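Residue-level structural notes
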Amino acid sequence: MAPANRAVVLVALSLLYLSRAIFSTEYFSTLTLFNNELHKQGCSSLSEWEEYAADCESSILQLEDPDCEEGSNPPCESVFSLNAEKILNQAKLFIEQKKIPFPVDNHNTNEELAIGYVLIGNGLYDEAIKHFSLLLQGDPELVSAIYGRGIAYGKKSLQDIKNADLALYELNRVITLEPNWPEVYEQRAEILSPLGRISEALGDLTKAIQLQPSARLFRHRGTLLFISEDYVAAMEDFQQSLELKKNQPIAMLYKGLTFFHRGMLKEAIETFKEALKLKSDFIDAYKSLGQAYRELGDFESAMESFQKALMLNQNHIQSLQLRGMMLYHHGSLQEAIGNFKRCLQLEPYNEVCQYMKGLSHVAMGQFYEGIKAQTKVMLNDPLLGQKASSEYLKVKYLREYSRYLHSHLDIPVAEYNVDQDLPGNFKNHWAKNLPFLIEDYEEQPGLQPHIKDVLPQNFDSYSSEVQKLICTADHLGALMQYDTPGFLPNKRIHRAMGLATLEVMQAMHRTWSNSKVRVNGKTRQMQWRDMFDIAVKWRRIADPDQPVLWLDQMPARSLSRGFNNHINLIRGQIINIRYLAYFDNILDFIKDRILVYHGAYNPRGLLEVRQALENVNKVEDLLPIMKQFNSKTRDGFTVNSKVPSMKDTGKEYDGFTITITGDRVGNMLFSVETQTTEERTQQYQSEIESIYKDLTAKGKALMLSTELGDADALCNLILSLVYYFCNLMPLSRGSSVVAYSVVMGALMASGKEVIGRIPKGKLVDFEAMTTPSPDSFSKTAKSWMNLKSLPSWYQSLPSVAETFPSTRTMIEVLNTDSSSHCPKKS
């Protein structure tokens, strides 16, 4: 290059600040994609990756100024004080370190190439492109210049995607000229991955690994496999990377995240701990450890982990956000608000913290603050082509529901009905989590100044009788807690459903004593739905984020099409750990249905099918078996359960549908769903009404009798009624805890107290759905309930409905802290 050209470069350089010259191909654009995915789980941000960049070796070059030491006094010079000699010294150092890709025999040319890479290393991509272009005018096939220009275009593509095509063109030329350089394939993968061409990027990384395996390459490919949700392969790559280079905290962290996503929480926890052994101040590892413990339902260990992350950095936004969300779902709303406020001080436009702050305020009855926060989320309209956040999609529903609650704050709950008051399309869209696009929707009235927010209520302000009522509710609610991964204890839900249990007990007792109840502004005999509505109202008020709505009260058009309650048990490699204990039961059920099918349609091949099924121990292995024996099974099959009628012997109702689809293990969907159509709903409701009628008659008889047999028959009827309720799945959310609080309350009305806890791994709704009859469900439930005679003091407790008649009084009691007042029960 002529001296004049070099002068142009140096003039360009003098216009910008030159920090310590470092250029690394740690591929931040790929990691941005990866971290966007991880961000959903509360994992590394881009800035945090840079913080730990010392963990990673550079694949192409790392420039160092020999005259400048980090932290030196005076500090390193800026480019304003640099001269041509110093730029040349950096280029010479670069040559001495043998960092030039594709060097040539000519020393002067190598020096010119080095200057181009120095420009890239300092973010001067346009100048670098001009520099390499001048070199290529003299030698159109100078590989290092083509490569350098490709890298510069690639770096520019992070700001302008049009440059990606130019970068790929240049890198393709390099591969044609030099097909055996792994760095070029890696660089091309870096361009392809942000374009969504993940499979091509994976192919390039695989080629690079074949040419020259390294810890960095395996880690890079692992990140892309993670994005593709191929967690098994990603885990193997991270493991390979760690075997080649042990001291990699980030690779260990990401290996743990592959376990986390597969539902292997204990393995994830152990791996996160290994990452902390490699780097004791690794904030991301503590944060991820907290998330794993949270999913496991271990609140104390999760809090400890989040606390350690925040001790290392009190301004760590994701740890504040995640800890706040966990506190909300633990029922500690005031503490949660503190975390969200701190999060928003640091990052005012954080939608998650803004939404959760608004939700927490509304749940506590602080509507003015709550709706103000919600409105801020609504102002964050997504840009054209940008996907709206889940908080943005939900916030309009929450705001409308918040306004509704506020306007009904002091109206007795018995005088209105949420399911009838809220517009049908609003309920339908809310329950299905659809975008808020509702034609002719009339907004709820704004906040009315004369209705004041809910004020804090001190536990001591309640009478001793009401205090005993609250403490009893806390104890009863805790008995409903699932001991299963994925279910975090929630003391607010415990109190709400404990109060629901006591109110059901009192309402049933009054009904059996021929008293009437006040419902929807009318006084009448209590029906089965009224009994469940008691639990529904408490479940609703405990967490306004979740639409707990009766599906048969949805618009007729929606119900006629069927309202599906859908649960993914396995999606790809993601296992729903909540239902893991039921996989074997469901597998046995599917096998039985397959044998029944083949017995009817292929009796000659039945023996062969039976033998093949005996070797199947996992749901994932069923699909190839089905394809082998049934040509109709291409990409999947469904199996339907049946629920026997008690009312009409021999009659059966549709239960739930099991679906298994996919073309191979690791790429399958295993799900269950109930379809709440109008016809199915009427069938189940007819069954429930019949049982409730019998239950009421026997309950009234029990009031006049002391026979134990009557109480046992009553117990079976109560459990049978809930068996059909759970199989119907009539609510958009919360069917299980609503059902169990009704079971406990009705049993207490019959003189039976539940002492036992729900066993580990058991879920009330799934227990009902996977047992073949109401009798078998009753036997199973009674085996863990450990029923005893109800102590007489329960009858002297104050009336729940009269003590907490309005939404305001209900919120007040849920907000009240009783931790230092109620006796601890084992």
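Residues numbered from 1 in each chain as written. Predicted model: local features only at pLDDT ≥ 70, side-chain atom pairs only at ≥ 80, totals over all residues. Heavy atoms only, no water.

The name given to the protein in an unreviewed UniProt entry is Tetratricopeptide repeat domain 13, with the source organism recorded as Seriola dumerili.

**A look at the environment of Ile-660**
Which entries qualify depends on this criterion: The way it works is that DSSP assigns letters per residue, a run of H or I at least four long becomes a helix, a run of E at least two long becomes a strand, and they are numbered from the N terminus. Any two residues having at least one pair of non-hydrogen atoms within 4.5 Å are treated as being in contact.
Among the secondary structure elements, Ile-660 is positioned in strand 6 (residues 652-662). Ile-660 has contacts with Ile-590, Val-619, Leu-622, Leu-623, Asp-635, Gly-636, Phe-637, Met-668, Leu-669 and Phe-670, leaving out every residue within four places of it along the chain.

**Quick notes on the UniProt feature "repeat: TPR" (unreviewed entry) in the protein**
Rule in force here: UniProt positions are given in the numbering used here, feature names are shortened, and annotations may be inferred rather than shown by experiment.
As recorded in UniProt, the feature "repeat: TPR" (unreviewed entry) lies at residues 215-248, 249-282, 283-316 and 317-350. Annotation note: span residues 215-248, helix share 79%, strand share 0%, distance between end C-alpha atoms 9 Å. Secondary structure content for residues 283-316 is 82% helix and 0% strand, and the end C-alpha separation is 8 Å.

**Things to note about the packing of aromatic side chains**
Here the distance between the centres and the angle between the planes together describe a pair of aromatic rings. Worth spelling out the cut-off: In this scheme Phe, Tyr and Trp rings, the latter by its six-membered ring, pair at centre separations within 6.5 Å, and the angle between planes marks the pair as stacked below 30 degrees, edge-to-face above 60, and tilted otherwise. For each residue, the accessible area found with a 1.4 Å probe, counting protein chains only, is set against the maximum for its type, and the residue is called buried under 20%, exposed over 50%, and partly exposed in between.
This structure, assessed with the given rule, holds 29 aromatic pairs. When the centroid spacing of 5.0 Å and the interplanar angle of 75° are considered together, the rings of Phe-226 and Tyr-231 count as edge-to-face. Of the two residues, Phe-226 and Tyr-231, neither departs from the other in class, the shared state being buried. Arranged with centres 4.6 Å apart and planes meeting at 40°, the rings of Tyr-579 and Phe-766 form a pair that is tilted. Taken together, the residues span a long stretch of sequence, with Tyr-579 in the loop between strand 4 (574-575) and helix 28 (583-601) and Phe-766 in helix 34 (residues 764-770) at a distance of 187 residues.

**Section: unusual backbone geometry**
The phi dihedral of Asp-440 is positive, around 55°, even though this residue is not glycine. Within the secondary structure, Asp-440 is located in the loop between helix 23 (424-431) and helix 24 (464-478). A positive phi is found at Met-729, a non-glycine position, where the angle reads about 50°. Along the polypeptide, Met-729 turns up in the loop between helix 32 (708-728) and helix 33 (735-749).

**Focus on the nonpolar core**
The following threshold applies: Put simply, a nonpolar core is a bunch of buried Ala, Val, Leu, Ile, Met, Phe, Trp, Tyr and Cys residues held in one set by side-chain atoms that sit within 4.5 Å of each other.
Formed by 143 residues in total, the largest nonpolar core has its most connected members in Trp-538 and Phe-670. Setting aside residues up to four positions removed in sequence, Phe-670 forms contacts with Ile-567, Asn-568, Leu-569, Ile-570, Phe-583, Ile-586, Ile-590, Val-619, Ile-658, Thr-659 and Ile-660. Of all hydrophobic cores here, the second largest spans 106 residues; its members include Leu-124, Ile-129, Leu-310 and Val-352.

**Some details on the pattern of salt bridges**
Where we set the bar: Salt bridges are identified by distance alone: a Lys or Arg side-chain nitrogen within 4 Å of an Asp or Glu carboxyl oxygen.
Overall, the coordinates contain 31 salt bridges when judged by the stated rule. A salt bridge links Glu-170 to Arg-173, with the shortest nitrogen-to-oxygen separation between them at 3.2 Å. One end of the pair, Glu-170, and the other, Arg-173, are both in helix 8 (residues 162-177), three residues apart, so they sit about a helical turn from each other. Classification of Glu-170 as buried rests on a relative accessible area of 3%. A salt bridge links Asp-237 to Arg-221; its shortest N-O distance comes to 2.6 Å. Of the two residues, Asp-237 sits in helix 12 (residues 231-244) while Arg-221 sits in helix 11 (residues 215-227), which places them 16 residues apart along the sequence. The pair formed by Asp-237 and Arg-221 is uniform in burial state, with each residue classed as buried.

**Comments concerning the state of the cysteines**
Threshold: Criterion for a disulfide: a pair of cysteine sulfur atoms at a distance within 2.5 Å.
For the structure shown, the criterion picks out two disulfides. Residue Cys-343 pairs covalently with Cys-353 via a disulfide, S to S 2.1 Å. The sign of the S-S torsion, about 90°, decides the handedness of the disulfide formed by Cys-343 and Cys-353: right-handed. Of this pair, Cys-343 sits in helix 18 (residues 333-346) while Cys-353 sits in helix 19 (residues 351-363), and the two are ten residues apart along the sequence.

**Some points on helix 21 (residues 390-407)**
The following threshold applies: Expected span, for any helix, means 1.5 Å times one less than how many residues it has. Axes are fitted to the seven residues ending at a residue and to the seven starting at it; the angle between these axes is taken as the bend at that residue.
Helix length check: helix 21 (18 residues) gives 26 Å between terminal C-alpha atoms against 26 Å at 1.5 Å per residue, within 8%. Within helix 21, the axis deviates most sharply at Lys-396, by approximately 25°. Taken across its 18 residues, helix 21 has 14 buried, putting it largely inside the fold.

**Looking at the sheet that holds strand 3 (residues 563-571)**
Let me state the cut-off plainly: Whether two strands pair depends on DSSP finding at least two bridges between them. Every axis corresponds to a line fitted to the C-alpha atoms, with the helix fit spanning only the stretch in contact, and the corresponding angles, defined between N-to-C directions, vary from 0 to 180 degrees.
A sheet is described by the order of its strands in space; here five strands give the open sequence 4-3-7-6-5, paired in antiparallel fashion. In this open sheet, the two edge strands, each paired with only one partner strand, are strand 4 and strand 5 (636-644). Pairing analysis gives eight bridges linking strand 5 to strand 6, with the strands arranged antiparallel. By the bridge assignment for strand 6, Pro-644 is matched with Glu-652. Contacts from helix 31 (residues 678-703) reach strand 5, strand 6 and strand 7 (668-676), with the element oriented near 135° to strand 6.

**Regarding the packing of helix 26 (residues 528-542) against helix 31**
To keep things clear, this is the line we draw: These descriptions rest on fixed angle ranges, namely under 35 degrees for roughly parallel, over 145 for roughly antiparallel, 65 to 115 for roughly perpendicular, and the rest for oblique. Think of it as three bins: nonpolar holds Ala, Val, Leu, Ile, Met, Phe, Trp, Tyr, Cys and Pro, charged holds Asp, Glu, Lys and Arg, and polar takes everything else, Gly as well.
It is the contact of helix 26 with helix 31, at a shortest axis distance of 9 Å, that shows an interaxial angle of 95°. As judged from the angle between their axes, helix 26 and helix 31 are roughly perpendicular. In contact with Trp-528, Arg-529 and Met-531 of helix 26, helix 31 contributes Gln-685, Ile-688, Glu-689 and Tyr-692. Looking at the contact of helix 26 with helix 31 residue by residue, the class counts come to four nonpolar, one polar and two charged.

**Some words on the pairing of strand 3**
As judged from the eight bridges shared by strand 3 and strand 7, these two strands associate in the antiparallel manner. If you follow His-566 over to strand 7, its bridge partner there is Glu-673. Bridge count for strand 3 against strand 4 is two bridges, and the pairing is antiparallel. Residue pairing across strands places Arg-571 opposite Ile-574, the latter belonging to strand 4. Joining the antiparallel neighbours strand 3 and strand 4 is a turn of two residues, in which Gly-572 adopts a positive phi near 65°.

**Focus: the pairing of strand 6**
As judged from the six bridges shared by strand 6 and strand 7, these two strands associate in the antiparallel manner. Pairing of Thr-661 across the sheet is with Leu-669, part of strand 7.

**A few points about the environment of Gln-628**
Mapped onto the elements of the fold, Gln-628 is located in helix 30 (residues 622-629). It is 9.9 Å that separates the C-alpha atoms of Gln-628 and Ala-612, two residues lying 16 residues apart in sequence.

**So, the environment of Leu-168**
For Leu-168, the location among the structural elements is in helix 8. Given a relative accessible area of 8%, Leu-168 falls into the buried group. Sequence separation of Leu-168 and Ile-151 is 17 residues, and the distance between their C-alpha atoms is 9.3 Å. Not counting residues within four places of it along the chain, the set of residues in contact with Leu-168 comprises Arg-188, Ile-191, Leu-192, Leu-195 and Arg-197.

**A closer look at helix 12**
Taking 1.5 Å as the rise per residue, helix 12 with 14 residues should run 20 Å; its terminal C-alpha atoms sit 20 Å apart, in good agreement. Residues of helix 12 that are buried include every one of Tyr-231, Ala-233, Ala-234, Met-235, Asp-237, Phe-238, Ser-241 and Leu-242, and no others.

**Focus on the packing of helix 12 against helix 13 (residues 249-261)**
Put simply, the rule is: Take the far helix as your reference; a near helix turned counterclockwise from it by less than a right angle gives a left-handed crossing, and one turned clockwise gives a right-handed crossing.
Contact geometry of helix 12 with helix 13 gives a least axis separation of 9 Å together with a crossing angle of 160°. With respect to helix 13, the axis of helix 12 lies roughly antiparallel. The handedness of the crossing between helix 12 and helix 13 is left-handed. For the pair helix 12 and helix 13, the contacting residues are Tyr-231, Ala-234, Met-235, Phe-238, Gln-239, Ser-241 and Leu-242 in the first and Ala-251, Met-252, Tyr-254, Lys-255, Thr-258, Phe-259 and His-261 in the second. The residue makeup of the contact of helix 12 with helix 13, split by class, is nine nonpolar, four polar and one charged.

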